[in-house]
Every structure is written in structure tokens, then in C-alpha cells.
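Residue-level structural notes
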Amino acid sequence: MQPATLTIHTLADDERHEWDAFVHACPQASFFHLSAWRALIEEVFGHRSYYLYARRAGAVVAVLPLAEVRSRLFGHALVSQPFCVYGGIAGDDAEAVARLEAEAEALALRLGVQHLEYRNMAPRHPDWPRQDVYATFRKPILPEVEANLLAIPRKQRAMVRKGIKNGLVSQFDVDAGRFFALYADNVLRHGTPALPRRFFERLLGTFGRDCEVLTVTDGAGRALSSVLGFRFRGEVLPYYAGDHAAARELAANDFKYWELMRRACERGDTLFDYGRSKFGTGPYAFKKNWGFEPQPLAYEYRLYKRDSVPQNNPLNPKYRAFIALWRRLPLPVANALGPYIVRNLG
């Protein structure tokens, strides 16, 4: 019997439910493949999106979310997905994957982009240029709270206990207010522009119970550390974070992630995804110290008008002067200018 005909489509609004049902069921898919990201990326950052999918015998069999990023600073690209850790094609139908890749390449050529980027969790094309900058950290959540605490290496576990001893308290917030204040101050100290506050409010409004803010305070109610993260089919993904300058001394950062893990365990979540970090950085070492093993991410590229993979990250030496200058800006000025710059980063 001949297999059913395969067809390629662009996602329509009335097909979002079907797309998302496939994403929730597909092992290769991630939270960042959900269709709601299309409107977020278009409306908040102004990048036109192209959500392609393959259909066979009436059913969705593979999806590929793409966004066109035009940047005066970093060039013109087609990316799956900008502002997201994971992306690329989700699906195990070999013909569908090949057809979606061919459609993406044709689209990239029509748009005249400099490169096409897939943010894969695992390699798909060993012969394609790759950016070997990031690793992700994923680990199962054990069924018992105490077992998860004991699984944290001794030195980092002592920091969690220090936070507990210091009387720190965690709670989920209903909005992004306390989170954004800590996040914006934190990224300024690191010399990085902040994403706009409305983006975080949109995340909370769009994803509902699958997006949450956990904030840690001291006994007097002073906000010390906060994280905005996602939930997806039993996975917990702390994604954006910020800390007060006093957080380190009080062990608020370690306490924050422990509280997130503890609460996830108690409600039956099964996997903790610490997100990506750049090799050789403090966040990379911090996550390893928690007992998570780094898994290199396979960001793969098709180069059209470039000779090499773009290095649009703070490790690039040519951005050192900008980082030093940005750190000296007053916080209100940095928050006002940041959205105009960060939309170009993706």
C-alpha cells in the first residue's frame, strides 16, 4: 500500500489547537514549539514568523516554527526559535522532516537571509556548521522531596540549608513586578540589555498556569531572588532570573532553585530543566555544582551570505566595550533603551 500523500502548510489561527496537540505528544518537541510563541515574537519584538507543518492522512506529523530576524547589528536570519533555548523541526516522519527542511531553505532564499539557524537539542546534520557555545542541563526529579535534596552535591546542599537557616521564604507571584525589578538590575550589573517588562507580562498572560514566577524574600519581606519559568508535560523550566546584590550572602539563589524543585516534586513533576548556559561561565559552573551534567546543544546553520557562524553572544571579544559601557548606565535609562537593542539579539 502506498503511504498517504504528505503536504506542507503554513499554520492558520484555527489550526493552533491541532498544532499544539501534536507538540504535546511529540517526543522531539519542546515548550518553545507551542504556537503561542508566534504572536509573542511578532507582537513584542516585531519579527515576522513562519510556522510550517506537515500533514499526512489528515494528521499533523511534523512542525517547524521559524521567525525572520532583521538586525542592523547582527544581520538578517531565519531562526527556529529566537528568544528560545530549543527549536528546529519536531517530528519523526523522515519524509516530513526532509520536506520541511526543503521548504525552510526555499523560504530562506526567497527572504534573502544571511543564514538559517536551527536550535536543536541534538545534532541532525553532522556536516553543517555548528555553534558550540551552549550546553543545557536536564535531570529527573525524584519522587521524594528528601531524595532530591540529598542528590544535590554536599557543598551546594549546604548553601540550600543556609538559605533555610536564614529564614528565607518563597512564594509564587501573580504578576512580574518583583521579578522584573530584580531581573533588570541583575542584567544591568552584567552589562546586558533587559527584555521589556511587557514581554514577561505577556508570557504570564499567554501561558497561564504553565508560566509562573517564584520569588524569595527574607523574613522582613525584602525580595532577594526571583525566577520566571515554564511547565511543559511534567518538565519544569526555570528560564529568566534575577537576584538582589544581597542574595549571594544569604544563599537566596540556591534556596530559590531548591524551592522550585521541592514544589515541583510535591505536585508530581518529573524533570528539572535548568536551561542553557555558555561553556566556561559562572552559570555553567553553578549548574554543574548542583549535580547536573551538561548536554551540548546542537545549534546548526545553513550559511548563505556568511563565511562563518555568527557569534552574537557576550563571549565575543568585540562586545566587551559595549558591555562595560552598559554597566555604567542608570537603571531607568537602561530599561528604556534595552528593548530597542534586545529585539535584535534573538
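This report concerns the structure included in the present document. (Residues numbered from 1 in each chain as written. Predicted model: local features only at pLDDT ≥ 70, side-chain atom pairs only at ≥ 80, totals over all residues. Heavy atoms only, no water.)

1. Quick word on the side chain of Gln-156
By the secondary structure assignment, Gln-156 is in helix α5 (residues 154-165). For Gln-156, a relative accessible area of 8% translates into the label buried. A polar contact is formed between the side chain of Gln-156 and the side chain of Asp-254, at a distance of 2.8 Å. Apart from the residues within four sequence positions on either side, Gln-156 is in contact with Asp-254, Phe-286, Asn-289 and Trp-290. (Helix = DSSP H or I, 4+ residues; strand = E, 2+ residues; numbered from the N terminus. Buried < 20%, exposed > 50% of the residue type's maximum accessible area, 1.4 Å probe, protein only. Polar contact = N/O pair within 3.5 Å; in protein donor to acceptor, adjacent residues only side chain to side chain. Contact = heavy atoms within 4.5 Å.)

2. Topic: the sheet that holds strand β12 (residues 271-278)
Strands belonging to one sheet form pairs held by backbone hydrogen bonds; the direction of such a pair is parallel or antiparallel. Taking strand neighbours across the sheet as the criterion, the seven strands line up as β8-β9-β10-β11-β12-β7-β13 in an open arrangement whose pairing is mixed. Of all the strands in the sheet, the pair left with one neighbour each is β8 (169-173) and β13 (294-296). Put simply, the sheet's adjacent strands are angled 30° from each other on average, direction ignored. Strand direction decides the pairing type here: strand β7 (residues 134-140) and β13, joined by three bridges, are antiparallel. (Pairing = 2+ DSSP bridges. Axes fitted to C-alpha atoms, helices over the stretch in contact; angles between N-to-C directions.)

3. Brief notes about the packing of aromatic side chains
For any pair of aromatic rings, geometry is given as the distance between the ring centres together with the angle between the planes. Under the definition given, this model contains 39 aromatic pairs. Positioned above the aromatic ring of Phe-292, the side-chain terminus of Lys-139 is 5.5 Å from the ring centre. (Phe/Tyr/Trp six-rings, centres within 6.5 Å; stacked < 30°, edge-to-face > 60°. Lys NZ or Arg CZ within 6 Å of the ring centre and 35° of its normal.)

4. Re the pairing of strand β2 (residues 49-56)
Of all eight residues in β2, eight are buried, a share of seventy percent or more. Burial along β2 is two-sided: the face carrying Ser-49, Tyr-51, Tyr-53 and Arg-55 and the face carrying Tyr-50, Leu-52, Ala-54 and Arg-56 are both buried. Note: strand β1 (residues 6-10) against β2, five bridges, orientation antiparallel. Residue pairing across strands places Leu-6 opposite Arg-56, the latter belonging to β2. Looking at chain direction, β2 and strand β3 (residues 59-71) are connected through eight bridges and run antiparallel. Of the residues in β3, the one forming a bridge with Tyr-50 is Leu-66. Counting the residues in the hairpin turn of β2 and β3 gives two residues, including Ala-57, whose phi is positive at 50°.

5. Regarding the layout of surface pockets
Considered as a void within the structure, the second largest pocket measures approximately 180 Å³ in volume. Forming the walls of the second largest pocket are 14 residues, and the residues nearest its centre are Gln-28, Gly-87, Asn-120, Met-121 and Ala-122. Residue classes in the lining of the second largest pocket are distributed as seven nonpolar, five polar and two charged. (1 Å grid on protein atoms, 1.4 Å probe; cavity = no way out; pocket = protein on both sides within 12 Å on 5 of 7 lines; lining within 4 Å. Points joined across faces, edges and corners; volume = space filled by probe spheres on them. Nonpolar A, V, L, I, M, F, W, Y, C, P; charged D, E, K, R; others polar.)

By themselves, these observations are geometric and do not establish any function.
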